[in-house]
Amino acid sequence: MSGTAAPPDEAGIIAEVAAAHDSATPLEIGGCFTKRAMLRPVQAGRGLSLAACAGITLHSPQELVIGAKAGTRMSEIAAAVAAHGQHIISEPPDFSGLFGGGAAQTLGGVVAANLSGPRRVAWGATRDHVLGVRAVNGQGELVRSGGRVLKNVTGLDLCKLLAGSHGTLAVLTEITLKVLPAPERRGTVVLPGLDATQGVAALSAALGSPYGVSAAAYLPAEAASQVPALAWLGGPVAIARVEDFATSVAYRTDRLRAELASFGRAEILDDAASVAAWAAVRDAVPLHGETGAIWRVSVRPSAGPAVAESVARAFAANWFLDWGGGLVWIAGPATAAAHEAVMAAAKAGGGTWLLLRAPEGLRASVAVIPPEPPALARITAAVKAAFDPKGILNPGRMYAGV
Amino acid sequence: MIQQPAPKPDVLARRDAIVAGLRRLVPESGVIAEPIRLKPYETDGLAAYRQVPLAVVLPESTEQVAAVMRFLHEQGVRVIPRGAGTSLSGGALPLADAVVIGMMRLNRILDIDYADRCATVQAGVTNIGITQAVQGDGFFYAPDPSSQLACMIGGNVGMNSGGAHCLRYGVTANNLLGLKIVTVAGEIIDIGGAHLDAAGYDWLGLLTGSEGQLALVTEVTVRILRGPEGARAMLAAFRSNEVAGACVDAIIASGIIPVALEFMDRPAIHACEAFAHAGYPLDAEAMLIIEVEGSTAEQDFLLGRIREICERHDPISLKVSQSAEESAAIWKGRKGAFGAIGRISPDYLCMDGTIPTSRLPDVLRRIGEMSESYRLGVANIFHAGDGNLHPLIMFDANDPDSFARAERFGADVLKLCVEVGGCLTGEHGVGVEKRDLMGVQFSATDLAQQRRVKDAFDPGWLLNPSKVFPLTDALPKAA
């Protein structure tokens, strides 16, 4: 690769992409490239980094919006909204503990990968809160979609299409997000000692209660032992979080404990312990000691335990469940056989998988996300061509040949 | 009057053969071709525009929709998808050479799963029908457009419909998990499912709000939510739009997100009060309806805080509901707003721009000035938390000059919304109504990119033509 360019502004990004288009040079697009080990490896002639294209461009707390250039570090955005008592709704994770490296992740990277944390189960994914984007397509043209207002159905929603497209359709240069007031207090109801099926049943009851549960996870004993805020319980835990005004958190955790009484005696974690426990779930701390491959499987919540059980039969898996059971985190050996087992379990559960981390050889040789049926794959190829006719933006990152 | 593409002469000439072909694909009663029976399909909620279609077909299954699409695709026939026909932007307006595919016979609820909090329904199930199916168990489907008694979930997906409770629960796009779609060539594809994060491109997000430009939706998997313990409303009236707007900002800044935060200006208050006798204060310039949820104690806490904030804004009156009946009374006028305007004006256009909420006083002042210069009345209803503004422009459809002024007035309002940093449509969609204004919000490059995405799904531009894209842009590549 002949180096990585890091232009300081959108005009520079446009110039880089236009030049790459003219010379048909594939580009590896990234911010600080903290997620390079995700998905398929990109074969590129040159790198294009958004890291220098940074800074908050719009912040209107009373209108619940913040806009920033794509290279803005997430920590800067989180701090800016926190200064006004607000938070980023989808609770995006920080995977530095999985991918290593000290670099900070950028807004563009989080949106391009559509990464969402525990609050996703109740409040939507990162893509749900992207109000507007500016992006450079594969022909070096600036394309805008959405805007800075909370409700907007004008034209095709390219914001959602580009969120989660991993830089394969266009280079995001600026993004506007909806934000919300951060809760005054957090509390967590903990049900110890349940097996995965009972645990997810308890989480479903919690999420199906009128008490506004904002996150729900199940950690088997091994995973729970890696989280100090939960390890003291000495076994598996099902945990459900409430976030609200202080009086509401006290009331709602109490009512939840009563409502879940048939699942055993619940403990309540206070604000500080809740923050620590959910940060660990968000960032997949229970898997930080793993050296092999890591998968995220998305299924209907009630299918989560069967997916975990199925892969645990195939290999020595370290796993836990977020999103009420619907997100199965799995760590295991970086082998084609293990990957087969995960794919089979995800298919049986009626859901999808993502090979989040693996050595380059494995990621280059297997489907890192489910292949699409032929009719949809043709649309994928056509939409890719509609943005990037020469196939220069992160080629092959999601699918071989796209 | 809006310009429409010329009908394809060869399609008009083959009308009988096309109708006969459709009759082979769906039950006899599912094909409508007699002029008198086509009449109900000539328009939708934007009744100023009318065009009788070539024929109407009413399939009863996804497979029949696919067979119909394969046939019409082979025949090069344009297609207009239609739910209940409640679009306020002309999203279901036919063309003379187009076949309307009505989804009303796809009206079954296929699956309800409380443990996984989702329901799968056919496209012709009404919005309220989903909530009615689950409310006995304490659940509901959140998006609640004003037309929810009639409008169908397939149309809600097509338009990415909103409602009065979006501030808390989001719009349609935020409440979907999966779709079953039929492509222009008649292929059936499942998008998403009952899981939260799909792999691959976000087809669910792209298709939602695509106004029938990309594919037909036959089944929808929605998130269903457990209802709150209770909800209660309050009403606050103020001396000026500025003060009411400042009060909205102060509520949001306090960290409270009410489930609804509705704003009405003086003309809207008067029209609604005359219609519904809801007890609205007639001496106010602006009024807020604010609703919160939770246990009774939580409602008291939140309404108490909001009341304190309102009291700092010199209110003319404050009324905090003490019961479900009082809450219903507070909502009664707002929910009847469209009927109320219909009572004082023979016709009205319901506009749908969104603005940054901080610009509300300025925008309302300029709309007032336009009202004077166009000599047409206007009442403003505003989803204040999310900036979605509904000016109701009153005119007389029997007076062509009045209608022409109303259309120009509406266009000026939407241009103003874009000028202050907002957009042309917050929840009604572009349809035919705002098609020719797209260049106000988007650059030629922006629109060309959207058009190429449309091309990727529908290379022949057979799906819901003449909507969304300015007509000059809306040409198939081959043409």
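Residues numbered from 1 in each chain as written. Chains lettered and ligands numbered in written order. Predicted model: local features only at pLDDT ≥ 70, side-chain atom pairs only at ≥ 80, totals over all residues. Heavy atoms only, no water.

This part covers the overall build of chain A. Each helix and strand counted, chain A has 15 helices and 17 strands in total. Since a compact globule built from 402 residues should have a radius of gyration of about 21 Å, the 21 Å found for chain A is in line with a globular shape. Residues counted as buried form 63% of the 402 residues belonging to chain A. Considering only intrachain contacts with a sequence separation of at least 6, the fraction spanning at least 24 residues in chain A is 73%. Approximately 12,600 Å² of chain A is accessible, and the part contributed by carbon and sulfur atoms is 54%. A distance of 3 Å separates the average location of the 33 positive side-chain charges in chain A from that of its 31 negative side-chain charges. (Helix = DSSP H or I, 4+ residues; strand = E, 2+ residues; numbered from the N terminus. Rg over C-alpha atoms; globule rule 2.2 N^0.38 Å. Buried < 20%, exposed > 50% of the residue type's maximum accessible area, 1.4 Å probe, protein only. Contact = heavy atoms within 4.5 Å. Areas by Shrake-Rupley, 256 points an atom, 1.4 Å probe, with all protein chains shown as cover. Lys, Arg positive; Asp, Glu negative; His and termini not counted. Charge placed at Lys NZ, Arg CZ, Asp CG, Glu CD.)

Right, let's talk about the domain arrangement of chain A for a bit. One frequently used descriptor of interface size is the decrease in accessible area upon assembly of the parts. All names here are of chain A. Splitting chain A by domain gives domain 1 (1-182 + 371-402), domain 2 (185-282) and domain 3 (290-365). Each of domain 2 and domain 3 has a C-alpha centre, and these two points are 23 Å apart. Tallying the contact residues gives 14 residues for domain 2 and 13 residues for domain 3. In total, about 1,000 Å² of surface goes out of reach between domain 2 and domain 3, with carbon and sulfur atoms giving 63% of it. Linking domain 2 with domain 3 are zero salt bridges, by the criterion used here. (Domains from an automatic or database assignment. Buried area = accessible area lost by both parts, 1.4 Å probe. Salt bridge = Lys/Arg side-chain N within 4 Å of Asp/Glu carboxyl O.)

The next thing to look at is the sheet that holds strand 2 (residues 27-30) of chain A. Residues and elements named next belong to chain A. Read across the open sheet, the three strands follow the order 1-3-2; overall the sheet is parallel. Because the sheet does not close on itself, it has two edges, and the strands there are strand 1 (4-5) and strand 2. For strand 1 and strand 3 (residues 46-49), the ladder comprises two bridges, and the chain directions are parallel. From the neighbouring strand, Thr-4 faces strand 3, where its bridge partner is Gly-47. Together, strand 1, strand 2 and strand 3 form the strand contacts of helix 1 (residues 10-23), whose direction differs from that of strand 3 by roughly 160°. (Pairing = 2+ DSSP bridges. Axes fitted to C-alpha atoms, helices over the stretch in contact; angles between N-to-C directions.)

Residue and element names in this part refer to chain B. Each domain of chain B was delimited in the assignment, giving domain 1 (9-102), domain 2 (109-226), domain 3 (231-337) and domain 4 (345-435). The distance between the C-alpha centroids of domain 3 and domain 4 comes to 23 Å. Every contact between the two is made by 13 residues of domain 3 and, on the other side, 12 residues of domain 4. Across the contact surface, domain 3 and domain 4 share zero salt bridges. Taken together, the links from domain 3 to domain 4 amount to four residue pairs in polar contact (both at pLDDT 80 or more). Put simply, the parts of the chain that give the side of domain 3 that touches domain 4 at least two residues each are helix 9 (241-253), strand 13 (260-265) and helix 10 (266-276). Its residues assigned to classes, the side of domain 3 that touches domain 4 shows seven nonpolar, one polar and five charged. (Polar contact = N/O pair within 3.5 Å; in protein donor to acceptor, adjacent residues only side chain to side chain. Nonpolar A, V, L, I, M, F, W, Y, C, P; charged D, E, K, R; others polar.)

Below, the discussion takes up the sheet that holds strand 4 (residues 98-102) of chain B. All names here are of chain B. Taken in spatial order, the four strands line up as 1-2-4-3 in an open sheet, and their pairing is mixed. With one partner strand each, in any of the chains shown, strand 1 (31-32) and strand 3 (78-82) form the two edges of the open sheet. Strand direction decides the pairing type here: strand 2 (residues 55-57) and strand 4, joined by three bridges, are parallel. Within strand 4, the position partnered with Val-56 by the bridge is Val-100. Relative to the sheet, helix 4 (residues 62-75) contacts strand 2, strand 3 and strand 4, its axis offset from that of strand 4 by approximately 170°.

Note on backbone geometry: most residues besides glycine have negative phi, and most peptide bonds are trans. A positive phi angle is found at A:Ala24, which is not glycine, with a value near 50°. Note on placement: A:Ala24 falls in the loop between helix 1 and strand 2. Positive phi values are uncommon outside glycine, yet B:Arg117 reaches one of about 55°. In this fold, B:Arg117 is placed in the loop between strand 5 (109-113) and strand 6 (118-122). Residue B:Arg117 is classed as buried on the basis of its relative accessible area, which comes to 11%.

Across the boundary between the two partners, chain B contributes 87 residues, which contact 82 residues of chain A. Overall, the association of chain B and chain A removes approximately 6,600 Å² of surface from exposure, summing both partners, and the carbon and sulfur fraction of that is 57%. In this structure, the connection of chain B to chain A is made through 10 salt bridges. In this structure, A:Glu141 and B:Arg452 form a salt bridge, with 3.5 Å as the shortest nitrogen-oxygen distance. Across the contact surface, chain B and chain A share 33 residue pairs in polar contact (both at pLDDT 80 or more). Going through the elements one at a time, helix 7 (166-169), strand 9 (188-192), helix 8 (203-207), helix 9, helix 11 (296-311), helix 16 (438-441) and helix 17 (444-457) of chain B are the ones with two or more residues in the side of chain B that touches chain A.

This part takes up the packing of helix 14 (residues 360-374) of chain B against helix 15 (residues 400-419) of chain B. Residues and elements named next belong to chain B. The contact between helix 14 and helix 15 brings their axes to 11 Å, and the two run at 160°. Between helix 14 and helix 15, the crossing angle belongs to the class labelled roughly antiparallel. Relative to helix 15, the crossing made by helix 14 is right-handed. Mapping the contact onto sequence places Val-363, Arg-366, Ile-367, Met-370, Ser-371 and Tyr-374 in helix 14 and Arg-405, Arg-408, Phe-409, Asp-412, Val-413, Leu-416 and Glu-419 in helix 15. In terms of residue class, the contact of helix 14 with helix 15 is made up of seven nonpolar, one polar and five charged. (Parallel < 35°, antiparallel > 145°, perpendicular 65-115°, else oblique. Left-handed = near helix turned anticlockwise from the far one by under 90°.)

On to empty space enclosed by the protein. Which parts of space are left empty comes out when a probe the size of a water molecule is rolled across the atoms. Scanning the model with the defined rule gives eight cavities of 30 Å³ or more in all. In this structure, the largest cavity encloses a volume near 490 Å³. If you go around the largest cavity, you meet 35 residues; those closest to its centre are A:Asn114, B:Leu196, B:Asp197, B:Ala198 and B:Ala199. Looking at the lining of the largest cavity, the elements with two or more residues in it are strand 14 (293-298) and strand 17 (352-357) of chain A together with strand 8 (176-182) of chain B. The calculated volume of the second largest cavity comes to roughly 370 Å³. Taken together, 27 residues make up the lining of the second largest cavity; nearest its centre are A:Ile29, A:Gly30, A:Gly31, A:Gly109 and A:Ala112. Taken together, the residues of the lining of the second largest cavity break down into 12 nonpolar, 11 polar and four charged. (1 Å grid on protein atoms, 1.4 Å probe; cavity = no way out; pocket = protein on both sides within 12 Å on 5 of 7 lines; lining within 4 Å. Points joined across faces, edges and corners; volume = space filled by probe spheres on them.)

Here we come to the pairing of strand 9 (residues 170-181) of chain A. All names here are of chain A. A large share of strand 9 lies buried, amounting to 11 of its 12 residues. With five bridges joining them, strand 5 (residues 65-69) and strand 9 adopt antiparallel strand pairing. Residue pairing for strand 9: Val-65 is matched across the bridge by Lys-178. Examined bridge by bridge, strand 6 (residues 86-88) and strand 9 share three bridges and lie antiparallel to one another. Within the sheet, the bridge partner assigned to Gln-86 lies in strand 9 and is Pro-181. Two elements, strand 7 (residues 130-137) and strand 9, share seven bridges in a ladder whose sense is antiparallel. Bridging from a neighbouring strand, Ala-135 pairs with Leu-172 of strand 9.

Counting 216 residues, the largest nonpolar core has A:Leu219, A:Trp329, A:Ile330, B:Trp203 and B:Phe457 as its most contacted members. When residues in this core are grouped by element, the largest group, nine residues, is from helix 15 of chain B. Listed in part, the 28 residues of the second largest apolar core include B:Leu54, B:Val99, B:Ile101 and B:Ala123. (Core = buried A, V, L, I, M, F, W, Y, C linked by side-chain atoms within 4.5 Å.)

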